[in-house]
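Notes for the structure review
If you want the building blocks of each chain, they are given just below.
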Amino acid sequence: MMSEFVLKGGQVVGPGGVADADVHVRDGRIVEIGVGLASDRVIDCNGALVGPGFVDVHVHFREPGQEWKEDIETGSRAAAAGGFTAVVAMANTDPAIDAGHLARYVSERGADVGLVDVMPAGAITLARGGTHLAHLDELWAAGVRLFSDDGDSVHDAGVLRLAMDYLSDLGGIVAQHAEDRTLTLGAHMHEGAVSARLGMRGMPALAEEAIIMRDLALVELTGVRYHVQHVSTAGTVHLVEEAKRRGLPVTAEVTPHHLAFDHREIERMDPAYKMYPPLRTESDVMAVREALGSGVIDVVGTDHAPHAAAEKDVPFDDAPRGVIGLETAAAVVNEMVPLGPVEFFERMSVAGARLLGLDRHGRWLEPGVPANLVVFAPEVSWTPHHFASRSENSPFKGRRMKGRVLATIHDGAVTYEAS
Amino acid sequence: MNDFLTVEGLPRAELTSLLDLSDEFVEVLARPIPKVPALRGRTVAMLFFEPSTRTRMSFERAAKALSADTMSFSPGTSSLSKGESLKDTALTIKAMGADALVVRHASTGAPWRIAEWTGLPVLNGGDGAHQHPTQALLDALTIRQHFGNLEGLQVAIVGDIRHSRVARSNIAAFSTLGATVTLVAPKTLLPVDLAGWPVHTAAAIDEVLDSDVIYLLRIQKERGGASVLPSLPEYVSRFGLTWDRFARMSSDSVVMHPGPMNRGVEIAPEVADHPRSLVEPQVANGVAVRMAVLFRLLGGEADDV
């Protein structure tokens, strides 16, 4: 890996706006920002935006246990190709990340691969079983900051309250996959006009909102930092907005696919569009777009969820849930939400780093700052056909997209360059 | 026509033409030797991934009456129980030389996927609670035989509509052919969202006893239909077609049921056996409409009829 180069002819994004400038990187850090900088190695940016590398608070790298879908190496490659320099890997692996040694395994594997910082999320309950607390102190000591039983809600209010009380002392974040399974039994799509026509059981918007309503009351009681994963309904947006207005320590994320598609996509019964929470209505899509624009939703989390081709090549009901998202996220956000460059990097990078307390990522560019960077061309169109991820279960496969990652720099090394 | 997967969106002229063709096969089936050589040498494979008696036998009878060969598949004894994927099963059957597939599957959309994978003509024999298009044809044919036309008829569909592919197909076919459809069920057995559906609703069977056709549906225990009711007796008291209610219906009206019937629940035994019950003609017409669809899909020559 080279240790010195200049990002030439880009528009450097800072908190106040953009400026035409070159960025000189050496030994892992930015050494100079200015015009006419020179080096033996030059990466031509052609007027693209140069900003802090993206941070994804929600990915599934499937290791340990389901490496045929993805592993930390292929997942890291996908992250780099998508412009990410740090990701949070969810704990629903096999075994679940519910103890310190497991969390350390994930972060060390990530460091060995060296393409992106892989921060493990910790399970809230043992084996994500929902009944006993996971080894929260151990997980914290191993560097875990965000705790989630993602894939399932923590349903039991008593257990969740214990976790919240416990983690509020440490400053940990309780992140919830909000889905009341008593309202979603046997369902694989949004409950509404499309599910009724297809004769499929539906997951009502309320299944998400009911969990969040209850959780917000528990947040008020315990004071814990609370993060709403993959907001998918207008009702959830409203709840988050209200909670923030009341001063509760609440943050929220939205996935690229919930910004792009509504439940009418399911009419083709194509498992490429199957995920939980499901694609909702047009007005829900409008609400989450607007909320990401205004900052009510703080960050984009891809919920990158790889599945092997054969697993998805079955009828809709029988397919596993989830879609990949790392390599297309920036383009989707660029296209779906009218953000200025500063807000774009705020939602894609800065806010995520702040949420996780990362001091090496999500920092506006200045000399001395660790070189975790992305070069992103918002006007360049492309069509994804193949992916760096081991899996290709993307609803964006073959769709023309606007906004392309040209290069990713992690700790001063180029981890991706568009060909 | 490449596949026959749904009646949704099928224009009235197309439906009518299929019914007209079915009438011809009704005539064929009444001959001393009820068989034509139209599909000699062709093979129709039956892929029933869900239990079925009448639909499967009806398709087999239809294929054989057209002189086609048939192959059958049942999931319990097949390689599916050894872990083979649906896709591989479908491709295997294609490789054996099937010319068309009849598919029934518990998952919505499965016949579409199989059509995509195999490129063969696929007849939807029922997918989840979504569509059952040949049932809609046979029901429309039965009503047309009895009344001459569906235009202006009042048809009430009573029972577990939420979990019923028969209801979804019949609503589309009946309304396209000009009937007015009223759905009668407790809210837990109605689809969650009826916006845009060409239907009226009623909350008790007593409100629709003046219909021309009362079409009864079974509570689908296997799709969770029973768990959304307080009890079957309570269901019968508000939605069952009892003898007493049947007696209040017009003497020109008829009763239909796609089977299998649960006598004493949605339909009283005396009603099921009454001359104004069209259950048997429905079953007989099933063979004719399936002949019509197979004939259309496999391109039989009109001279062979």
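Calculation criteria
Chains are numbered independently. Their residues run from 1 in the order of the written sequence. Working convention: letters from A go to chains and numbers from 1 go to ligands, in the order in which they are written. Totals for whole chains, interfaces and linings use every residue, but because this is a predicted model, local features are given only for residues with pLDDT of at least 70 and side-chain atom pairs only at 80 or more, for both listing and counting. In this text, helices come from DSSP runs of H or I with a minimum length of four residues, and strands from runs of E with a minimum of two, each type numbered from the N-terminal end. All radius of gyration figures rest on C-alpha atoms, and the globule criterion is 2.2 Å times the number of residues raised to 0.38. Residue burial is a threshold on neighbouring C-beta atoms within 10 Å of the residue's own C-beta, all placed from the backbone, with 20 or more meaning buried, 12 or fewer meaning exposed, and counts in between meaning partly exposed. Contact definition: two residues whose C-beta atoms, as placed from backbone geometry, lie within 7 Å. Three classes are used, and their members are as follows: Ala, Val, Leu, Ile, Met, Phe, Trp, Tyr, Cys and Pro are nonpolar, Asp, Glu, Lys and Arg are charged, and the others, Gly among them, are polar. An axis is simply a line fitted to the C-alpha atoms; with a helix, the fit covers only the stretch in contact. Between two such axes, the angle follows the N-to-C directions and lies from 0 to 180 degrees. These descriptions rest on fixed angle ranges, namely under 35 degrees for roughly parallel, over 145 for roughly antiparallel, 65 to 115 for roughly perpendicular, and the rest for oblique. Put simply, a crossing is left-handed when the front helix is turned counterclockwise from the back one by less than a right angle, and right-handed when it is turned clockwise. Any two strands are treated as partners once DSSP identifies two or more bridges connecting them. Residues of type Ala, Val, Leu, Ile, Met, Phe, Trp, Tyr and Cys that are buried and joined through C-beta atoms within 7 Å form what is called a nonpolar core. Note that the domain bounds reflect an automated or database-derived domain assignment. Confidence per residue, as judged by the predictor, is encoded in pLDDT with a range of 0 to 100. Here the arc refers to the directions that run from the helix axis out to each C-beta atom. Here, expected helix span is obtained from the residue count minus one, scaled by 1.5 Å.

For the rest of this paragraph, the subject is the overall build of chain B. A count of helical and extended segments in chain B gives 10 helices and nine strands. Computed over its C-alpha atoms, the radius of gyration of chain B comes to 19 Å, within 12% of the 19 Å expected for a compact globule of 305 residues. Along the first, second and third principal axes, the C-alpha atoms of chain B reach 55 × 45 × 35 Å. Among the 305 residues that make up chain B, the fraction classed as buried is 47%.

In terms of regular secondary structure, chain A is built from 12 helices and 18 strands. Its C-alpha atoms give chain A a radius of gyration of 20 Å, near enough to 22 Å, the size a compact globule of 419 residues would have. Summarising its shape, the C-alpha atoms of chain A cover approximately 60 × 45 × 45 Å along the three principal directions. Look at the contacts in chain A between residues 6 or more apart in sequence, and 75% of them connect residues 24 or more apart.

Further remarks concern the environment of A13 of chain B. Inspection of the secondary structure puts A13 of chain B in helix 1 (residues 12-29). C-alpha of A13 of chain B to C-alpha of L177 of chain B: the two residues are 164 residues apart in sequence and 9.1 Å apart in space.

The next point concerns the interface of chain B and chain A. Each partner contributes to the interface: chain B provides 22 residues, whereas chain A provides 18 residues. Those elements that place two or more of their residues in the side of chain B that touches chain A are helix 3 (86-95), helix 4 (110-118) and helix 6 (165-176) of chain B. For the side of chain B that touches chain A, the element with the highest residue contribution is helix 4 of chain B, accounting for three residues. Counted by class, the side of chain B that touches chain A contains eight nonpolar, nine polar and five charged residues.

With that settled, consider the packing of helix 5 (residues 133-147) of chain B against helix 10 (residues 279-297) of chain B. Residues and elements named next belong to chain B. Close contact between helix 5 and helix 10 brings their axes to 8 Å; oriented N to C, the two are set at 120 degrees. Taken as axis vectors, helix 5 and helix 10 run oblique relative to one another. Relative to helix 10, the crossing made by helix 5 is right-handed. For the pair helix 5 and helix 10, contact is made by T134, L137, L138, D139, L141, T142 and Q145 and by P281, Q282, N285, G286, V289, R290 and V293, respectively.

Residues and elements named next belong to chain A. The three strands are arranged 6-7-8 in an open sheet whose pairing can be described as parallel. Taken across any chain shown, the strands that pair with only one partner, and hence form the sheet edges, are strand 6 (54-59) and strand 8 (117-120). Neighbour-to-neighbour, the strand axes of the sheet open up by a mean angle of 20 degrees, direction not taken into account. Sheet topology places strand 6 next to strand 7 (residues 84-89); four bridges connect them, and they run parallel. Note on strand 7: the bridge partner recorded for D56 is V87.

Moving on: the nonpolar core. Residue and element names in this part refer to chain B. Membership of the largest hydrophobic core comes to 223 residues, with the highest contact counts inside it found for L66, I157, V158 and L294. By residue number, the principal contributor to this core is helix 10, which donates nine residues. Formed jointly, this core draws a minimum of three residues from each of two domains, domain 1 (12-131 + 283-304) and domain 2 (133-277). Other than its neighbours up to four places away in sequence, I157 contacts A167, N170, V181, L183, V184, Y215 and L217.

Attention now moves to the sheet that holds strand 1 (residues 43-48) of chain B. Sheet strands associate in pairs through backbone hydrogen bonding, adopting either a parallel or an antiparallel arrangement. All names here are of chain B. If you trace the four strands from one edge of the open sheet to the other, you get 2-1-3-4, paired in parallel fashion. Looking at strand neighbours, the two that pair on one side only are strand 2 (69-73) and strand 4 (122-127), the edges of this open sheet. Across the sheet, the axes of successive neighbouring strands diverge by a mean angle of 15 degrees, strand direction being ignored. As paired elements, strand 3 (residues 100-105) and strand 4 share four bridges and run parallel to each other. In the strand pairing of strand 4, V103 is matched with N124. The strands touched by helix 4 are strand 3 and strand 4; relative to strand 3, the strand with the most contacts, the crossing angle is about 150 degrees.

A word on the confidence of the model for chain B. Across chain B, the average pLDDT comes to 94, with 95% of residues at 70 or higher. This prediction of the complex comes with two scores: 0.94 for pTM and 0.92 for ipTM.

All names here are of chain B. By the burial criterion, the buried members of helix 3 are L86, A90 and I93. Looking down the long axis of helix 3, one finds its buried residues gathered within 65 degrees of arc, a one-sided arrangement. The elements touched by buried residues of helix 3 are strand 1, strand 2, strand 3 and helix 4. Downstream of helix 3 by a residue or two, G97 has a phi angle that is positive, lying close to 105 degrees.

Residues and elements named next belong to chain A. As paired elements, strand 17 (residues 401-410) and strand 18 (residues 413-417) share four bridges and run antiparallel to each other. In the sheet register, A407 faces strand 18, and the bridge partner there is E417. Here strand 17 hands over to strand 18 after two residues, with D411 in that stretch at a positive phi of 50 degrees.

All names here are of chain B. The domain architecture assigned to chain B consists of domain 1 (12-131 + 283-304) and domain 2 (133-277). Distance between the C-alpha centres of domain 1 and domain 2: 26 Å. Elements with a minimum of two residues in the side of domain 1 that touches domain 2: helix 1, strand 4 and helix 10. For the side of domain 1 that touches domain 2, a count of residues per class yields seven nonpolar, eight polar and four charged.

With that settled, consider helix 6 of chain B. Along an α-helix, residues three or four apart share an orientation, since each turn contains 3.6 residues. Residue and element names in this part refer to chain B. The terminal C-alpha atoms of helix 6 lie 17 Å apart, and with 12 residues this matches the ideal 16 Å at 1.5 Å per residue to within 8%. Within helix 6, 11 of the 12 residues are buried, which leaves the element mostly enclosed by the surrounding structure. Of the residues making up helix 6, those classed as buried are R165, V166, A167, R168, S169, N170, I171, A172, A173, F174 and T176. A positive backbone phi angle near 100 degrees is found at G178, which sits one or two residues after helix 6.

When two helices pack together, their arrangement is given by the angle between their axes and by how far apart the axes lie. Residues and elements named next belong to chain B. At a closest axis distance of 8 Å, the pairing of helix 1 and helix 10 adopts a crossing angle of 120 degrees. As summarised for this structure, helix 1 and helix 10 are arranged oblique, according to the angle between their axes. Regarding helix 1 and helix 10, the two cross each other, and that crossing is right-handed. Contacts from L18, L21, S22, F25, V26 and L29 in helix 1 reach N285, V287, A288, V289, M291, A292, V293 and F295 in helix 10. Its residues assigned to classes, the contact of helix 1 with helix 10 shows 12 nonpolar, two polar and no charged.

Residues and elements named next belong to chain A. Residue P64 is reached from E63 by a cis peptide bond, and omega for that bond is 5 degrees. Relative to the helices and strands, P64 is located in the loop between strand 6 and helix 1 (72-81). Backbone torsion omega between Y276 and P277 reads -10 degrees, so that peptide bond is classified as cis. Its location among the elements puts P277 in the loop between helix 8 (256-260) and helix 9 (282-294). Its identity is not glycine, yet D27 carries a phi of approximately 50 degrees, on the positive side.

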